[in-house]
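# Commentary on secondary and tertiary structure
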There are 2 protein chains.
Amino acid sequence: MKEEKLLLSSQICFPIYSVSRLLTKAYKPHLEDLGITYPQYLVLMVLWENDKVSVNQITEKLLLNTNTMSPLLKRMEKMDLVNRVRSKEDERIVIIALTDKGRELKTKALPIPDRLFDEIVTDKVEIDDMLKLKDTLCQLITVLTVKNEVSVRSE
Amino acid sequence: MKEEKLLLSSQICFPIYSVSRLLTKAYKPHLEDLGITYPQYLVLMVLWENDKVSVNQITEKLLLNTNTMSPLLKRMEKMDLVNRVRSKEDERIVIIALTDKGRELKTKALPIPDRLFDEIVTDKVEIDDMLKLKDTLCQLITVLTVKNEVSVRSE
DNA sequence: CACGCTTATGTCGTGCACGATGCAAATATA
DNA sequence: TATATTTGCATCGTGCACGACATAAGCGTG
């Protein structure tokens, strides 16, 4: 009875996990032109939208932890994409700011979303399906992050 | 005009990437009871469905490469979950077989899908949405894997 | 049979993710 | 004003992912 639920084909998590990896791979050739990885691209998107933010603000937007973000930002600093400066008001806070090079990458990045969209949305996958997909995923994020916070709090 | 497409909120890839990580995290406490990780759980699901298969057959089902699978399987061998034996007909092929311990884990794993389902599908996320989600994701997998194979072939 | 090509698996280096832990600055509390 | 607690960031260790490359076994063709 329950047997069938252990089939790979019945799982919902597996397709998400696979699509996530496949999409990152689809981004790769485009991002290689800019010399960056997908997580680095995410950080840049946050900064292009809002420059000079704390490490914490970035992790909150990207739902990542500081122990992932810190080394990532250090690599990006070494690549001269961002600067890391400690705030003078609160010495604990590190402010991340775009360098000129990081700011300029935005121009190169502009056509990427459209290019990927063209690759993905074909006769097989419709726009409406993608919008519905995004909708459900965002609901899932809400459920999963709340659940996570609650379980952390209740320790 | 195109500016808005670089907003994190307009991206489809980001929610998939986030949900993938959050779901793996949601699996974690359940899988820790079995002493395994999520990718190891995926390998076991393949083997529970079809024991004694080649490394290649596993990578094809999980859409992973051998350079990810080989170390993963070695760790699982060290944990006494699987055996790795070279085929006698074709010395290149390595056959992966469940150990008794690996087979027995299936019983412990049976209730996991239902438990996760209960955590995720609440008043916020409906069953129909999840089924539709899975549907679209599988279509995406088709598009993305074909695209990948074609681009490899055309080199 | 020799030689080139393909196939199956593996190694290496790099970059995430993340739990556990550390540490110093800021803040709350006695 | 001491001391405890919280907060922000970082380090460490482990386990994926994956591109590039290595290697050995099998296969095809001359």
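Look a little higher up for the structure.
Residues numbered from 1 in each chain as written. Chains lettered and ligands numbered in written order. Predicted model: local features only at pLDDT ≥ 70, side-chain atom pairs only at ≥ 80, totals over all residues. Heavy atoms only, no water.

## Here's the deal with the side chain of Thr59(A)
Relative to the assigned elements, Thr59(A) resides in helix 3 (residues 55–62). The class of Thr59(A) is buried, set by a relative accessible area of 5%. (Helix = DSSP H or I, 4+ residues; strand = E, 2+ residues; numbered from the N terminus. Buried < 20%, exposed > 50% of the residue type's maximum accessible area, 1.4 Å probe, protein only.)

## Some words on the relation of the copies chain A and chain B
Rotating chain A by 180° and moving it 0.0 Å along the rotation axis overlays it on chain B with an RMSD of 0.0 Å. Such a combination of turn and shift is consistent with a two-fold rotation axis. Among all residues of chain A, the minimum C-alpha distance to the rotation axis is found for Leu133(A), at 2.8 Å. Same-surface contact between copies: 98% of interface residues of chain A are shared with the interface of chain B. (Least-squares fit on C-alpha atoms with pLDDT ≥ 70 in both. Contact = heavy atoms within 4.5 Å.)

## Structural notes on the packing of aromatic side chains
Taken as a whole, this structure holds 10 aromatic pairs over all chains when the rule is applied. Plain terms: the ring middles of Tyr27(A) and Tyr41(A) are 5.6 Å apart, the flat faces sit at 45° to each other, and that makes the pair tilted. Of this pair, Tyr27(A) sits in helix 1 (residues 13–34) while Tyr41(A) sits in helix 2 (residues 38–49), placing them 14 residues apart in sequence. Residue Tyr27(A) is classed as buried on the basis of its relative accessible area, which comes to 3%. Their ring planes at 80° and their centres at 5.6 Å tell us that Tyr38(A) and Tyr17(B) sit as a pair that is edge-to-face. (Phe/Tyr/Trp six-rings, centres within 6.5 Å; stacked < 30°, edge-to-face > 60°.)

## So, the sheet that holds strand 2 (residues 82–86) of chain A
Residues and elements named next belong to chain A. Taken in spatial order, the three strands line up as 1-3-2 in an open sheet, and their pairing is antiparallel. Each edge of the open sheet is held by one strand with a lone partner, namely strand 1 (53–54) and strand 2. Here strand 1 pairs with strand 3 (residues 94–98) via two bridges, running antiparallel. Note that in strand 3 the partner of Val53 across the bridge is Ile96. Sheet contacts for helix 2: strand 1, strand 2 and strand 3; angle to strand 3, the most-contacted strand, approximately 85°. Across the sheet, helix 4 (residues 66–78) is in contact with strand 2 and strand 3; its angle to strand 2 comes to roughly 120°. (Pairing = 2+ DSSP bridges. Axes fitted to C-alpha atoms, helices over the stretch in contact; angles between N-to-C directions.)

## A closer look at the protein's contact with DNA strand D
Every one of the 28 residues lining DNA strand D counts as a neighbour, but Tyr17(A), Asn56(A), Ser70(A), Asn67(B) and Arg75(B) are closest to it. Side-chain polar atom of Tyr17(A) to a phosphate oxygen of DNA strand D: 2.4 Å apart, as the coordinates give it. The side chain of Arg75(B) places a nitrogen or oxygen atom 2.5 Å from a sugar or linking oxygen of DNA strand D. Per-class residue counts for the surface near DNA strand D are seven nonpolar, 10 polar and 11 charged. (Near = heavy atom within 4 Å. Polar contact = N/O pair within 3.5 Å; in protein donor to acceptor, adjacent residues only side chain to side chain. Nonpolar A, V, L, I, M, F, W, Y, C, P; charged D, E, K, R; others polar.)

## So, the nonpolar core
Grouped together as the largest cluster of nonpolar side chains are 105 residues, with contacts concentrated most on Tyr41(A), Ile58(A), Leu62(A), Tyr41(B), Ile58(B) and Leu62(B). The residues that make up this core include at least three from each of domain 1 (33–106) and domain 2 (111–155) of chain A. Residues within four places of Tyr41(B) in sequence aside, it is in contact with Leu6(A), Gln11(A), Tyr27(B), Leu31(B), Ile36(B), Trp48(B), Ala109(B), Ile112(B) and Pro113(B). (Core = buried A, V, L, I, M, F, W, Y, C linked by side-chain atoms within 4.5 Å. Domains from an automatic or database assignment.)

## Observations regarding unusual backbone geometry
All names here are of chain A. Phi angles above zero are rare outside glycine, and Lys52 is one such case at about 55°. If you trace the backbone, Lys52 turns up in the loop between helix 2 and strand 1. Within the chain, Leu63 stands out as a residue other than glycine whose phi angle is a positive 60°. On the secondary structure map, Leu63 appears in the loop between helix 3 and helix 4. A relative accessible area of 25% means that Leu63 is categorised as partly exposed.

## Remarks on the interface of chain A and chain B
Taken together, the 62 residues of chain A in the interface contact 61 residues of chain B. Overall, the association of chain A and chain B removes approximately 6700 Å² of surface from exposure, summing both partners, and the carbon and sulfur fraction of that is 72%. Residue Asp129(A) is joined to Lys132(B) by a salt bridge in which the shortest nitrogen-to-oxygen separation is 3.0 Å. Taken together, the connections running from chain A to chain B amount to 10 residue pairs in polar contact (both at pLDDT 80 or more). When contributions to the side of chain A that touches chain B are tallied by element, the ones reaching two or more residues are helix 1, helix 2, helix 3, helix 5 (100–109), helix 6 (112–120) and helix 7 (127–153) of chain A. (Buried area = accessible area lost by both parts, 1.4 Å probe. Salt bridge = Lys/Arg side-chain N within 4 Å of Asp/Glu carboxyl O.)

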